[in-house]
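As a plain string of letters, each chain reads:
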Number of protein chains: 2
Amino acid sequence: MKESKIKVAVYGYGNIGRGVEAALSKCPDMELVAIFTRRDPTSIKPRGNNIPVFRACDVLSFKDRIDVIILCGGSATDLPVQTPELALDFCVVDSFDTHAKIPEHFSNVDIAAKKGRKTAIISSGWDPGLFSLIRVYAEATVPNGETYTFWGRGVSQGHSDAIRRIEGVKDARQYTVPVQQSLDAVRSGSNPSLSVRDKHIRECYVVAEEGADLERIEREIKEMPNYFADYNTVVNFISEEELRRDHSKLPHGGSVIRSGSTGFEDENNHVVEFSLKLDSNPEFTSGMLVASARAVYRMQEEEIYGCKTLFDVPPSYFHPMTPEQLRSKLL
Amino acid sequence: MKESKIKVAVYGYGNIGRGVEAALSKCPDMELVAIFTRRDPTSIKPRGNNIPVFRACDVLSFKDRIDVIILCGGSATDLPVQTPELALDFCVVDSFDTHAKIPEHFSNVDIAAKKGRKTAIISSGWDPGLFSLIRVYAEATVPNGETYTFWGRGVSQGHSDAIRRIEGVKDARQYTVPVQQSLDAVRSGSNPSLSVRDKHIRECYVVAEEGADLERIEREIKEMPNYFADYNTVVNFISEEELRRDHSKLPHGGSVIRSGSTGFEDENNHVVEFSLKLDSNPEFTSGMLVASARAVYRMQEEEIYGCKTLFDVPPSYFHPMTPEQLRSKLL
């Protein structure tokens, strides 16, 4: 075991960056040594005193003082560039969550990390992340069955942003809500066929500009392709005051459910369910990112280089206890 | 990837052995090549035709024809002897479930497997097994919290056996039943302190010998130390016919729930729950044993030797897909 703490840096100080700072304060084996930002460093006020803030462009001069960098930017434009770039010189962790682009991102990060003899974990968090792990274990255990994923009730930042881009909208919050009857049907083990519309409702809280055409806004939301058109969507207009009072948090959650059968005649049914109820989506995601930073550090110590996902890492690497302690206490 | 199938043998043909046979029939990358038994081989009738049955004492002569042996004996007396013995000459998997003795068993199997350059996974199944994995991941993600495990509703074979040993009892079935109010309290995130009695009820169905003293039997069950004395126990006397009709299956299940908080002031709560509803405890356990045999085979191919638990094995090793397929389909 290492006697000094694992030195972690945060790259990007938004919701996830703040969550990582909070999560590290709960891990006695790790410490936050630096925050990097593309904004003016003096404009950043970390919660912890004495956490130095630096310009993102100066990160390379910290090569020997950081064990792992946790990248806290967005998946659309930040991480596809930043993670491969930093993986050349640092061990890194990110929460890249554009499912369709994971293979490409993995390959870019893998090339960089191997070149630099560094270790990276991408797409850590809860989906992709813990939910993905459950899909693998449950499918491996019960190969004959179906896996369902439900998200919510929780705030989707992407859908909230999409509403905000509509003319006449001042602010908005969108909740993804699983359809209870569909959840119940899946939990019963009946393996129903469910369309996109069957699984989730989209519940929108919108603050309109004064005098805006509410009917047009509602129509534009409901007809928006990809985001809303395939769902039953409910639009509620509320005041700015109500939005602040009732919708300022970022709760989320969901369930992965696998239902399948075993036996020579498929006579026995099994339902495996993993569910999350989270008050703060970014803080829970940050918890997994920090555990992944611990895993990355340990792999680098063992000279295991390149890009990894949670599928490639032994579970014990994420936990502060030793394998012996884990076997005697948690097995 | 291997072109031929992974050759698996079953050692012991009880409920788990039959479950493994059924589970292997669902895995196109694996095949059951032999069953070993301490009984007379001609007395064993495998479900699959053409599965040869051999004497357990002849197993060593099959050294070059088997990739992995799945041990299907009991944890009390079979596995502590058999797993280390076979690990000298074969890759092995077992479901050793005496939690307190896992460190000793691990060490015995590890010494043998390393000596023989073989790979072993012990204590695979759902508890120990999938439940243990959830404890590790959830605790690593939310370090500040409590983890609770509830079992049932399901048949406990150990408790059923204990009742059968009482004088005047012809047959018995014991269900472990979680206390709903306690489950609800834990799910609410209130982190209650729960005694053994608060968490589970023991529900017994007993067939008595004709003329037996029912009051004495009920008293002896309820006062039995370790098994029943610390629980609220309900005893129902039923007929042999009712036992056969209503209690012939071996359902089980349960939940691991971690509830904890994040944030600088622990202001955000999170509830992580993993739950199982199983029609057949031995068949589900067998599913995990078979997936573990796949993992053991892959580790041996990579010259990773010694004893492992699920904590030491990357999740992808259990699943038939390649890491690339897993990343694009399940992450």
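Structure: see above.
These notes cover the structure that comes with them.

Quick notes on the rules
Residues numbered from 1 in each chain as written. Chains lettered and ligands numbered in written order. Predicted model: local features only at pLDDT ≥ 70, side-chain atom pairs only at ≥ 80, totals over all residues. Heavy atoms only, no water. Salt bridge = Lys/Arg side-chain N within 4 Å of Asp/Glu carboxyl O. Helix = DSSP H or I, 4+ residues; strand = E, 2+ residues; numbered from the N terminus. Buried < 20%, exposed > 50% of the residue type's maximum accessible area, 1.4 Å probe, protein only. Pairing = 2+ DSSP bridges. Contact = heavy atoms within 4.5 Å. Axes fitted to C-alpha atoms, helices over the stretch in contact; angles between N-to-C directions. Least-squares fit on C-alpha atoms with pLDDT ≥ 70 in both. Buried area = accessible area lost by both parts, 1.4 Å probe. Polar contact = N/O pair within 3.5 Å; in protein donor to acceptor, adjacent residues only side chain to side chain. Nonpolar A, V, L, I, M, F, W, Y, C, P; charged D, E, K, R; others polar.

Quick look at the pattern of salt bridges now. All names here are of chain B. Under the counting rule described, the total for this entry stands at 36 salt bridges over all chains. A salt bridge links Arg-164 to Asp-161, with the nearest nitrogen and oxygen atoms 2.4 Å apart. You can see Arg-164 and its partner Asp-161 sitting in helix H5 (residues 157–164), 3 residues apart, about one turn around the helix. Classification of Arg-164 as partly exposed rests on a relative accessible area of 28%. By relative accessible area, which is 34% here, Asp-161 ends up partly exposed. A salt bridge links Lys-170 to Glu-240; the nearest nitrogen and oxygen atoms lie 3.1 Å apart.

This brings us to the sheet that holds strand S10 (residues 200–208) of chain B. Residue and element names in this part refer to chain B. Ordered in space as S8-S9-S10-S11, the 4 strands form an open sheet in which the pairing is mixed. The sheet is open, and its two edges are formed by strand S8 (154–155) and strand S11 (232–237), each paired on a single side. Sheet topology note: the S10/S11 ladder contains 6 bridges and is parallel. Note that in S11 the partner of Ile-201 across the bridge is Asn-232. Packing against the sheet, H5 makes contact with S8, strand S9 (169–178) and S10, and its axis sits at approximately 145° to S9. Of the strands in this sheet, S9, S10 and S11 touch helix H8 (residues 214–223), which is tilted by about 150° from S11.

In this section: the sheet that holds strand S4 (residues 68–71) of chain A. All names here are of chain A. Strand order in this open sheet of 7 strands is S3-S2-S1-S4-S5-S6-S14, and the pairing throughout is parallel. The sheet is open, and its two borders are formed by strand S3 (53–55) and strand S14 (306–308), each paired with just one other strand. With strand direction ignored, the average angle separating the axes of adjacent strands in the sheet is 25°. Across 3 bridges, the pairing between strand S6 (residues 119–121) and S14 is parallel. Across the sheet, residue Ile-121 finds its bridge partner in S14, namely Lys-308.

Moving on: the environment of B:Asn236. Residue and element names in this part refer to chain B. Inspection of the secondary structure assignment puts Asn-236 in strand S11. The spacing of Asn-236 and Ser-188 is 48 residues in sequence and 33 Å in space, taken between C-alpha atoms. When residues no more than four places from it in sequence are discounted, the contact partners of Asn-236 are Glu-203, Cys-204, Tyr-205 and Val-206.

The subject of this paragraph is the relation of the copies chain A and chain B. Each of the two copies of the chain can be brought onto the other by a rotation about an axis and a shift along it. Once turned by 180° and shifted 0.0 Å along the axis, chain A lies on chain B with an RMSD of 0.0 Å. On the angle and the small slide along the axis, the relation comes out as a two-fold axis. The overlap is high: 100% of the interface residues of chain A also sit at the interface in chain B, so the same surface is used on both sides.

With that settled, consider the interface of chain A and chain B. Taken residue by residue, the interface counts 70 residues in chain A and 70 residues in chain B. Carbon and sulfur atoms supply 63% of the area that chain A and chain B bury against each other, a total of about 6,200 Å² over both sides. The tally of links from chain A across to chain B stands at 4 salt bridges. One salt bridge in this structure joins A:Lys26 and B:Asp266, with 3.1 Å as the shortest N-O distance. Taken together, the links from chain A to chain B amount to 30 residue pairs in polar contact (both at pLDDT 80 or more). Looking at the side of chain A that touches chain B, the elements with two or more residues in it are helix H1 (15–24), helix H3 (102–115), helix H4 (130–141), strand S13 (268–278), helix H10 (281–301) and helix H11 (323–329) of chain A. Per-element tally for the side of chain A that touches chain B: the top contributor is S13(A), with 11 residues. Looking at the side of chain A that touches chain B, its residues break down into 34 nonpolar, 19 polar and 17 charged. With 9 bridges joining them, S13(A) and strand S13 (residues 268–278) of chain B adopt antiparallel strand pairing. Pairing of A:Val271 across the sheet is with B:Lys277, part of S13(B).

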